[in-house]
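Chain and residue survey
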Amino acid sequence: GAVVSQHPSWVICKSGTSVKIECRSLDFQATTMFWYRQFPKQSLMLMATSNEGSKATYEQGVEKDKFLINHASLTLSTLTVTSAHPEDSSFYICSAGGLSNYEQYFGPGTRLTVT
Amino acid sequence: DAKTTQPTSMDCAEGRAANLPCNHSTISGNEYVYWYRQIHSQGPQYIIHGLKNNETNEMASLIITEDRKSSTLILPHATLRDTAVYYCIVTKTSGSRLTFGEGTQLTVNP
């Protein structure tokens with residue numbers, strides 16, 4: 001199956017700094033990528049839908065100025081957490097739709113810890 | 001997307017079949033049933049999907065009732081590596097946004 005990678009796999013940053021997470025589709029082109037967030041012992045929550053070449057669509061309650069999403073190419077989407085706070089500490093997961101549009105492939109996730 | 005209901009947790013003995021149920025009584029005619037699983041601290045993994053016919057692949061089988069209001073994911077010979085949270089999702093296409101419920105924590109015991 002198709003492979004989606006994320007970098008970094010984990011990151012620790014200080015409060016007030018910004019962190020960028022990359023999501024890449026390694027062997028296919030993805031016009032749409034999705035960003036999810038998962039807090040401990042909770043399910044995945046969709047944050048935003050990222051479309052190549054256009055602005056991301058954010059879910060209700062997600063601050064678009066805090067979570068900047070850029071989908072500059074068909075294989076790369078980035079999520080930047082700006083002015084991070086400890087409550088932003090979470091597991092961030094990206095995904096991309098497959099060529100058949102019947103499968104969605106997930107990255108391995110990025111563990112963000114804000115101190 | 002239609003709402004799904006799954007048991008919170010299930011146990012299964014290694015080597016036995018694991019049958020995970022899912023209720024989706026409000027499913028509409030053009031919605032598929034998808035199953036994903038998430039092993040601890042990893043991204044979700046696609047397992048199988050179906051519309052109305054039963055489906056089988058190398059990982060699992062999906063049985064959908066005739067009225068499509070419920071389905072069962074079957075792992076025919078569960079192994080310890082199948083311990084994970086299993087999510088049943090109903091959606092028109094998996095390429096679109098997915099709404100994850102709480103899922104079922106399956107624990108396979110030796």
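Residues numbered from 1 in each chain as written. Chains lettered and ligands numbered in written order. Predicted model: local features only at pLDDT ≥ 70, side-chain atom pairs only at ≥ 80, totals over all residues. Heavy atoms only, no water.

1. Overview of the side chain of S95(A)
All names here are of chain A. Take S95: it is sitting in strand β9 (residues 90–97). Side chain to side chain, S95 and Q104 meet in a polar contact 2.6 Å long. Discounting chain neighbours no more than four positions away, the residues touching S95 are T32, M33, F34, Y36, Q104, Y105 and F106. (Helix = DSSP H or I, 4+ residues; strand = E, 2+ residues; numbered from the N terminus. Polar contact = N/O pair within 3.5 Å; in protein donor to acceptor, adjacent residues only side chain to side chain. Contact = heavy atoms within 4.5 Å.)

2. Comments concerning the sheet that holds strand β7 (residues 67–73) of chain A
All names here are of chain A. Overall, antiparallel pairing links the 4 strands, which are arranged β1-β3-β8-β7 in an open sheet. The open sheet has two free edges, formed respectively by β1 (4–7) and β7, since each of these has just one partner strand. Direction aside, the axes of adjacent strands within the sheet are offset by 15° on average. (Pairing = 2+ DSSP bridges. Axes fitted to C-alpha atoms, helices over the stretch in contact; angles between N-to-C directions.)

3. Considerations on the packing of aromatic side chains
Summed over all chains, the structure comprises 11 aromatic pairs over all chains. Judged by centre distance (6.2 Å) and plane angle (55°), the ring pair of Y32(B) and Y34(B) falls under tilted. On the basis of relative accessible area, Y34(B) is assigned to the buried category, the value being 0%. Ring pairing ties together the aromatic residues Y36(A), F106(A), Y32(B), Y34(B), Y36(B), Y46(B), Y87(B) and F100(B), which thus form one cluster. In this structure, K66(A) packs its charged tip against the face of F67(A), placed 5.9 Å from the ring centre. (Phe/Tyr/Trp six-rings, centres within 6.5 Å; stacked < 30°, edge-to-face > 60°. Buried < 20%, exposed > 50% of the residue type's maximum accessible area, 1.4 Å probe, protein only. Lys NZ or Arg CZ within 6 Å of the ring centre and 35° of its normal.)

4. Structural notes on the interface of chain A and chain B
Facing the 18 residues of chain A at the interface are 20 residues of chain B. In this assembly, chain A packs against chain B so that about 1600 Å² is buried in total across both faces, 51% of it on carbon and sulfur atoms. Our count for the contact surface shared by chain A and chain B stands at 0 salt bridges. At the boundary of chain A with chain B, the tally comes to 5 residue pairs in polar contact (both at pLDDT 80 or more). (Buried area = accessible area lost by both parts, 1.4 Å probe. Salt bridge = Lys/Arg side-chain N within 4 Å of Asp/Glu carboxyl O.)

5. Observations concerning the pattern of salt bridges
Summed over the entire model, instances satisfying the criterion amount to 3 salt bridges over all chains. Here K66(A) makes a salt bridge to D88(A), at a shortest N to O gap of 2.8 Å. On the criterion of sequence distance, the pair formed by K66(A) in the loop between β6 (57–58) and β7 and D88(A) in the loop between β8 (76–81) and β9 is long-range, its members being 22 residues apart. Each of the two residues, K66(A) as well as D88(A), counts as buried. Measuring nitrogen to oxygen at the nearest pair gives 2.8 Å for the salt bridge that ties R37(B) to D82(B). You can see R37(B) sitting in strand β3 (residues 32–38) and its partner D82(B) sitting in the loop between β7 (70–75) and β8 (84–91), a full 45 residues away along the chain. With relative accessibility at 10%, the residue R37(B) sits in the buried group.

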